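Topology and contacts: notes
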Amino acid sequence: MKIYINGIWKESSNSSTLNKYNPSTGEVIDTFPAATKDDVDEAMDASESAFLSWSDLGTAERAKILFKAEELIIQKRGELENLLTLEVGKIKREAVDEVNGVIDQIQYYAEFERKLTGDIVEGSNSKRKIFQYKVPYGIVVAITPWNFPAAMVVRKLAPALLTGNTVILKPSSDTPLTAQWIVNKFIEAGIPKGVLNFVTGRGSEIGDYIVNHRKVGLVTMTGSTSIGQRIMQNASSNMAKLILELGGKAPFMVWKDADITRALKSLVWAKYLNVGQSCIAAERLYIHEEIYDKFMSKFLAVTKKLKLGNPETSDVGPLINKAALSGMAKTVDSARDSGYKILTGGSAANLQGKYKNGYFFEPTIIENVDQNSSLFQDEIFGPIIGTEKVSGIEELYTKANDSKFGLASYLFTEDPELMLDASEKIRFGELYINMPGPEASQGYHTGFRLTGQAGEGSKYGINEYLQLKNVYVDYSKKPLYINTINNSLFDDL
Ligand code: NAP
C-alpha cells in the first residue's frame, strides 16, 4: 500500500509501515505507510499549488469528474464490497448496502453541478451591489473513521472536491485499504495532481500536526467525541472551519401502540448493523410497560437466532479490533458487578476453525438499566444494548433526552399526535419515526451537544464546504460623497 501526494504513489518519507489486520481471523493482511510530518508538509504544498486552477475550473467540469468516479466505482463495485468484508469484517449484505450508499452520495453531490447559488444584495443605492459569492475554503483535511470506511470517505471527498477545495485525506488506521481503493477511482476519473492527496498513519502521531497546519482552511472529521474535542482545540491555532460528526447514544423508544414487528425489525437493524459499531446505533431501549414482556420475549428470541462467523453467510460480523473486543467484555463485567441481569450473550463468541481468532462478541441484552449508569450514558459501540421500562410520555422524553450525545433517535407509535409532539420535544439531530435509518444523502446528518457541529448531506451539507465572500461594487460613475469626511478637501484637485 502507498500514500498519494502530488500525483505520485509513494512510501512514507522514512519508509516506516504499520500492519493492517483482518478482524474476522486476526491475521495481518497488509502493511501501510506511516506518513511523516515531511509527507504532510509535501501534501499541504501540493494542495496549495493545485488550488487555484482547481477552484477556477468551474463546478460543472468538476462534477464531470465525480460522475466518472461514480461510473468507475459501479464497474468494479464487487472489489469494494470484498474489501469491506476483508478490512472491517462486514457481512455481505452490509457491504453491498454500503457500496450502494457510496454510489448514491457521489451522484447526489455531483448533481449540484448547476445548483450552487450565491446572492446579490442591494447596496445603499441602486447602483451599489453586494455580491455574496460562495467560495471554497482552500485546503480541506478529511479525517475518517473505520466503521463505514467507504461511505465516510466519499461523504467528505465528493462535496469538498465539487465545491473547488483541494483535499488531504487521512483515513482510519483500521481501514487504509478501502480509502486507497476509493482515492484510486477518483484519480482514474481525472482528478488533477495535487488536488487530492492521501496520507495514512496513526492519528496519534500525525493528527495534531495535520490539523494544526497553518495552510488548512477546513477540517472535516468523523470519529469519536474525544478526538473531535482534541481537533477543536488544535484548530484554534489556524481557525480552520470544522465539520465534526462524533459519537452517539441513540434512544430507541417503543410506545404501547407500536407495530411490534415493525419496531422489532428496525431495532435488529439499528442495534446489530455493523455489530453495533455505528454512530446511529440503538444504545438505549425504552419500552412502554404494557408491551414490555411481549416485545422483549420476541427481541430475545430473534437475537438468539443471529449467526456469527463467516461474514459471507452470517448475520453479525466481528468487531473491528482486539481493543474493541476487550472493551465489550469490560462493559459486561462492569454490568455484572453492578448487579444487572444479562438476558443473553455477554462473552466473546466461541467460534471454531478459521474464525476462532476473530473479534466476535455475542449479541448481548442487559435488563433494567439505570438511567445514570455508564451503560446508558457512554457510547458502547458494539453489540450490547440496555433496556428500561417506561410508563409515561414525559418520563420517556426526559430519559431519551438525557444524554450528552445528540445524533439519532427512534420512535415507534401509531399515534399521529405523539409523532408530532415528539418531533418537537426529542432533542436529537435525527428522529426516525416508525422506520430504521440510515440517513439519506438529501437529509442533513447532524448531531446536537457532544455529537459535534455542522453536518453532512443535503444543500446545507454541501454549503458547509463554502464560505461566503462579500464583494461591494459601486458602478454609478457619480462623484463620490462620503458624509464622515470633509469632502471640500478634494474640491480643487
Ligand atoms: P476515532 O478513534 O476518533 O478516529 C477517527 C479518526 O481520527 C481516525 O482517522 C483517527 O486516526 C483520527 N485521529 C486520531 N487521533 C487524531 C488526532 N489527534 N488528530 C486528528 N485525527 C486523529 O474514531 P473511530 O474509532 O475511527 O470511529 C468511531 C467513532 O466515530 C464513534 O465514536 C462513532 O460514534 C463515531 N462516528 C460518528 C459518525 C457521525 O456521523 N456522527 C459516523 C461514524 C462514526 P487513527 O485511526 O490513525 O487513530
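Here the structure is shown first, and the text comes after it.
Here is a short report on the structure shown in this document. In this text, all values refer to a predicted model and were calculated from it rather than measured experimentally.

**A few points about the site of the ligand**
Looking at the ligand, there are 32 residues lining it, with S173, G203, S224, L246 and E379 nearest. Within the side chain of W146, a nitrogen or oxygen atom sits 2.8 Å from an oxygen atom of the ligand. The contact in question runs from a nitrogen atom of the ligand to an N or O atom on the backbone of E245, over 3.5 Å. Coverage of the ligand by the protein amounts to 90% of the 910 Å² it exposes when considered alone. For the ligand, the cavity whose grid points lie within 2 Å of the majority of its atoms is the largest pocket. Top element by residues in the shell around the ligand is helix α7 (residues 203–212). It accounts for four residues. A per-class count over the shell around the ligand returns eleven nonpolar, 14 polar and seven charged.

**Observations regarding the sheet that holds strand β18 (residues 408–412)**
Here we have seven strands laid out as an open sheet, ordered β14-β15-β16-β13-β12-β18-β19, and mixed in their pairing. A strand with exactly one partner marks an edge of an open sheet, and here the two such strands are β14 (341–344) and β19 (430–433). Ignoring which end each strand starts from, the neighbouring axes of this sheet average 25° apart. With five bridges connecting them, strand β13 (residues 282–288) and strand β16 (residues 384–390) associate as parallel partners. Bridge pairing in β16 links R284 to G386. In the packing of helix α10 (residues 292–305) onto the sheet, the strands contacted are β12 (250–254), β13, β14, β15 (364–367) and β16, and the crossing angle to β13 comes to about 145°.

**Details of the nonpolar core**
One finds F252, V254, L285, F295, F299 and Y410 to be the most contacted residues of the largest nonpolar core, which totals 63 residues. A total of seven residues in this core trace back to one element, the largest contributor, which is helix α9 (residues 260–272). Setting aside its immediate chain neighbours within four residues, F299 contacts L264, L267, V268, Y272, L285, I365 and I385. Ranked by size, the runner-up nonpolar core spans 55 residues in total, among them L84, L162, V167 and L169.

**Let's talk about the environment of Q132**
Mapped onto the elements of the fold, Q132 is located in strand β6 (residues 128–136). Classification of Q132 by relative accessible area gives buried; the value is 19%. With sequence-adjacent residues up to four places away left out, Q132 is seen in contact with G118, D119, V121, L468, K469 and N470. Reaching out from Q132, the side chain makes a polar contact with the side chain of N470 at a distance of 2.8 Å.

**Concerning a nonpolar patch on the surface**
Together, L480, I482, I485, L489, F490 and L493 make up a nonpolar patch on the protein surface, roughly 640 Å² of accessible area in all. Counting through the fold element by element, I482 comes out in the segment after β24 (466–474).

**Re empty space enclosed by the protein**
Enumeration over the complete set of coordinates arrives at one cavity of 30 Å³ or more. Here the largest cavity is characterised by a volume of approximately 40 Å³. What lines the largest cavity is simply V88, G89, K90, I91, E94, Y272, N274, V275, D315, V316, G317 and P318.

**Some words on the packing of aromatic side chains**
On inspection of all chains with the given rule, the structure shows 13 aromatic pairs. One aromatic cluster in this structure is built from F252, Y410, F412 and Y432. Positioned over the ring face of F112 is K115, at 5.9 Å from the centre of the ring. Between the NZ or CZ atom of K185 and the centre of the ring of W181, over which it lies, the distance is 4.6 Å.

**What to know about the sheet that holds β24**
Strand order in the open sheet made by the three strands is β5-β6-β24, with antiparallel pairing throughout. Edge strands, defined here as strands with exactly one partner in the open sheet, are β5 (119–122) and β24. If you compare each strand with its neighbour and ignore which way they point, the axes differ by 25° on average. Here nine bridges tie β6 to β24, and the two strands are oriented antiparallel to one another. Bridging across to β24, Y133 finds its partner in K469.

**Focus: the layout of surface pockets**
A volume near 980 Å³ is recorded for the largest pocket. What lines the largest pocket is a set of 42 residues, and nearest its centre among them are W146, M221, G223, S224 and I227. For the lining of the largest pocket, the elements supplying multiple residues, two or more each, are α7, β10 (216–222), α8 (225–234) and α11 (322–337). Here the element with the most residues in the lining of the largest pocket is α8; it accounts for six residues. Looking at the lining of the largest pocket residue by residue, the class counts come to 19 nonpolar, 16 polar and seven charged.

**Focus on the environment of S314**
Along the chain, S314 turns up in the loop between α10 and α11. Separated by 155 residues in sequence, S314 and K469 have C-alpha atoms that sit 52 Å apart. If near-sequence neighbours (up to four positions away) are discounted, S314 is found in contact with I91, R93, K307, L308 and G309. Here the side chain of S314 touches V316 through a polar contact of 3.5 Å, landing on its backbone oxygen.

Criteria and thresholds
- Residues numbered from 1 in each chain as written.
- Predicted model: local features only at pLDDT ≥ 70, side-chain atom pairs only at ≥ 80, totals over all residues.
- Heavy atoms only, no water.
- Near = heavy atom within 4 Å.
- Polar contact = N/O pair within 3.5 Å; in protein donor to acceptor, adjacent residues only side chain to side chain.
- Areas by Shrake-Rupley, 256 points an atom, 1.4 Å probe, with all protein chains shown as cover.
- 1 Å grid on protein atoms, 1.4 Å probe; cavity = no way out; pocket = protein on both sides within 12 Å on 5 of 7 lines; lining within 4 Å.
- Sits in = over half its atoms within 2 Å of the grid points.
- Helix = DSSP H or I, 4+ residues; strand = E, 2+ residues; numbered from the N terminus.
- Nonpolar A, V, L, I, M, F, W, Y, C, P; charged D, E, K, R; others polar.
- Pairing = 2+ DSSP bridges.
- Axes fitted to C-alpha atoms, helices over the stretch in contact; angles between N-to-C directions.
- Contact = heavy atoms within 4.5 Å.
- Core = buried A, V, L, I, M, F, W, Y, C linked by side-chain atoms within 4.5 Å.
- Buried < 20%, exposed > 50% of the residue type's maximum accessible area, 1.4 Å probe, protein only.
- Patch = residues over 30% accessible without salt bridge, like charges linked within 9 Å, V, L, I, M, F, W, Y side chains within 5 Å.
- Salt bridge = Lys/Arg side-chain N within 4 Å of Asp/Glu carboxyl O.
- Points joined across faces, edges and corners; volume = space filled by probe spheres on them.
- Phe/Tyr/Trp six-rings, centres within 6.5 Å; stacked < 30°, edge-to-face > 60°.
- Lys NZ or Arg CZ within 6 Å of the ring centre and 35° of its normal.

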